[in-house]
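Results of the structural survey
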Amino acid sequence: MTDTVSPSAPVLPDGAIPAATLVIMRPSAAGGPDEILMVKRSTNMAFAAGAVVFPGGRIDPDDYLVARRHGLADEAEGAARVAALRETLEETGLAVGWPALAEGDLSEVRQALLAGTLLSDILDARGDRIELDSLVPFARWCPNFKEARTFDTRFYAVKAPPHGHELTVEEAEHSHIFWSAARDTLAMADRGEVSVIFPTRRNLERIAQESDFQGFSEHADQFPVGLITPWIEDRDGHSHLCIPADLGYPVTSELFDSVRRG
């Protein structure tokens, strides 16, 4: 369970691991709502095993260096943006915010990152810069569940770049990759075809309010990016996991017993 925290005063838990995640949106070929790139985590992972999530991961020390070299005043925010782009490339093979990286070079750069080469060294060697301002910040979540690691995760949305190659998962962490509209992923979860953790479900519900990247960007601009640390609240004799009601989410509570936490 979580510690009960006042919704008016969220507190960043001690030891929270800084992380970032990226919601990548592209127009649907069928003409429906934009599709989102999702990955399914391997069943042997310590966190969110077997769940479908947005690409992303923890912020590395080198991400701060890259952010400083790109002149971002807020170092933590800049490093999170770098991590979101780097982790997406490592996990999916999609180069977001890196227009100078040709598709013919992409596989080599991805493998170098996975082998431990620093992104700062790769950018220096190529003379490239990444487009950190292309990301739209819209949320910051830090669930504090004793059953799972605690991540302080910043969420960003971005329009998918054009690409002609097949996207593939990094097999050590993920088993599947797919594009799906937010409402379709939620429907799959409701049918038991995929598993989603509490933050992913709430964010899919929020994204599903809008039909495309432009609409969601405009929606995100209407709300502050406040820290969300879910708390437990008793309602009519039942425990609910709750989030603030003023940050753009259409669903702000769920029965605690039905929540997948990590």
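Data block above holds the structure.
Scope of this entry: the structure provided in the associated data block. (Residues numbered from 1 in each chain as written. Predicted model: local features only at pLDDT ≥ 70, side-chain atom pairs only at ≥ 80, totals over all residues. Heavy atoms only, no water.)

**With respect to the overall build of the protein**
- Broken down by element type, the protein carries 7 helices and 11 strands.
- Relative to its 262 residues, the protein shows a buried fraction of 54%.
- Carbon and sulfur atoms form 48% of the exposed surface of the protein, whose accessible area is close to 11,900 Å². (Helix = DSSP H or I, 4+ residues; strand = E, 2+ residues; numbered from the N terminus. Buried < 20%, exposed > 50% of the residue type's maximum accessible area, 1.4 Å probe, protein only. Areas by Shrake-Rupley, 256 points an atom, 1.4 Å probe, with all protein chains shown as cover.)

**Focus on the packing of aromatic side chains**
- Summed over the entire model, instances satisfying the criterion amount to 5 aromatic pairs.
- Summarising the aromatic geometry, the rings of Trp141 and Phe198 are spaced 5.9 Å apart at their centres and angled 70° between planes, so their arrangement reads as edge-to-face. One end of the pair, Trp141, is in strand S5 (residues 136-141); the other, Phe198, is in helix H6 (residues 198-207), and 57 residues separate them in sequence.
- The buried category is assigned to Phe198, whose relative accessible area is 2%.
- With a centroid separation of 5.8 Å and an interplanar angle of 80°, the aromatic rings of Trp141 and Tyr249 are classed as edge-to-face. Here the residue Trp141 occupies a position in strand S5, and Tyr249 occupies one in the loop between strand S10 (238-242) and strand S11 (253-255), the gap between them amounting to 108 residues. There is no split in this pair, since Trp141 and Tyr249 are both buried.
- One cation-aromatic arrangement involves Arg206 over Tyr249; the distance from NZ or CZ to the ring centre is 4.8 Å. (Phe/Tyr/Trp six-rings, centres within 6.5 Å; stacked < 30°, edge-to-face > 60°. Lys NZ or Arg CZ within 6 Å of the ring centre and 35° of its normal.)

**Focus: the layout of surface pockets**
- A volume near 230 Å³ is recorded for the second largest pocket.
- Along its surface, the second largest pocket is lined by 18 residues, and Ala95, Gly97, Trp98, Pro99 and Pro161 are the ones closest to its centre.
- Residue assignment for the lining of the second largest pocket shows that the elements contributing at least two residues are helix H3 (103-114) and strand S6 (151-159).
- Considered class by class, the residues forming the lining of the second largest pocket number 11 nonpolar, 4 polar and 3 charged. (1 Å grid on protein atoms, 1.4 Å probe; cavity = no way out; pocket = protein on both sides within 12 Å on 5 of 7 lines; lining within 4 Å. Points joined across faces, edges and corners; volume = space filled by probe spheres on them. Nonpolar A, V, L, I, M, F, W, Y, C, P; charged D, E, K, R; others polar.)

**Description of the side chain of Thr21**
- Its place among the elements puts Thr21 in strand S1 (residues 17-26).
- On the basis of relative accessible area, Thr21 is assigned to the buried category, the value being 7%.
- A distance of 3.4 Å separates the side chain of Thr21 from the backbone oxygen of Phe54, its partner in a polar contact.
- Aside from chain neighbours lying at most four places away, what touches Thr21 is Phe54, Pro55, Gly56, Ala84, Thr153, Arg154, Phe155 and Tyr156. (Polar contact = N/O pair within 3.5 Å; in protein donor to acceptor, adjacent residues only side chain to side chain. Contact = heavy atoms within 4.5 Å.)

**So, empty space enclosed by the protein**
- By the definition in use, this model includes 2 cavities of 30 Å³ or more.
- If you trace the largest cavity, you find it lined by Leu85, Arg86, Leu89, Ala95, Val96, Trp98, Leu113, Leu119 and Ile130.
- When the residues that make up the lining of the largest cavity are grouped by side-chain class, the tally is 8 nonpolar, no polar and 1 charged.

**Comments concerning the environment of Tyr156**
- Here Tyr156 shows up in strand S6.
- With relative accessibility at 1%, the residue Tyr156 sits in the buried group.
- Residues Tyr156 and Ala84, 72 residues apart in the sequence, show an inter-C-alpha distance of 7.9 Å.
- When sequence neighbours within four positions are dropped, the list of residues in contact with Tyr156 reads Ala20, Thr21, Leu22, Val23, Glu77, Ala80, Arg81, Ala84, Leu135, Val136, Pro137 and Phe138.

**Let's talk about the sheet that holds strand S9 (residues 231-235)**
- Spatially, the 3 strands line up as an open sheet ordered S9-S10-S11, and their pairing is antiparallel. Strands with a single pairing partner mark the edges of an open sheet, and in this sheet they are S9 and S11. The average angle at which neighbouring strand axes cross in this sheet is 35°, direction not considered.
- Alignment of S10 against S11, held across 3 bridges, turns out to be antiparallel. By the bridge assignment for S11, Leu241 is matched with Glu254. (Pairing = 2+ DSSP bridges. Axes fitted to C-alpha atoms, helices over the stretch in contact; angles between N-to-C directions.)

**A short note on the nonpolar core**
- Core analysis: the biggest nonpolar cluster contains 38 residues, and Leu22, Ile24, Leu89, Trp98, Leu119 and Ile130 have the highest contact counts within it.
- For this core, the secondary structure elements donating two or more residues are S1, strand S2 (35-41), helix H1 (61-69), helix H2 (75-92), H3, helix H4 (119-126), S6 and strand S7 (174-181).
- The element best represented in this core is H2, accounting for 7 residues.
- For Trp98, the residues in contact, after removing those within four places along its chain, are Leu89, Val109, Leu119, Ile122, Leu123, Arg126, Asp128, Arg129 and Ile130.
- In terms of nonpolar packing, the next biggest core, distinct from the first, is built from 34 residues, Met25, Leu186, Phe198 and Phe216 among them. (Core = buried A, V, L, I, M, F, W, Y, C linked by side-chain atoms within 4.5 Å.)

These values are about where atoms sit, not about what they do.
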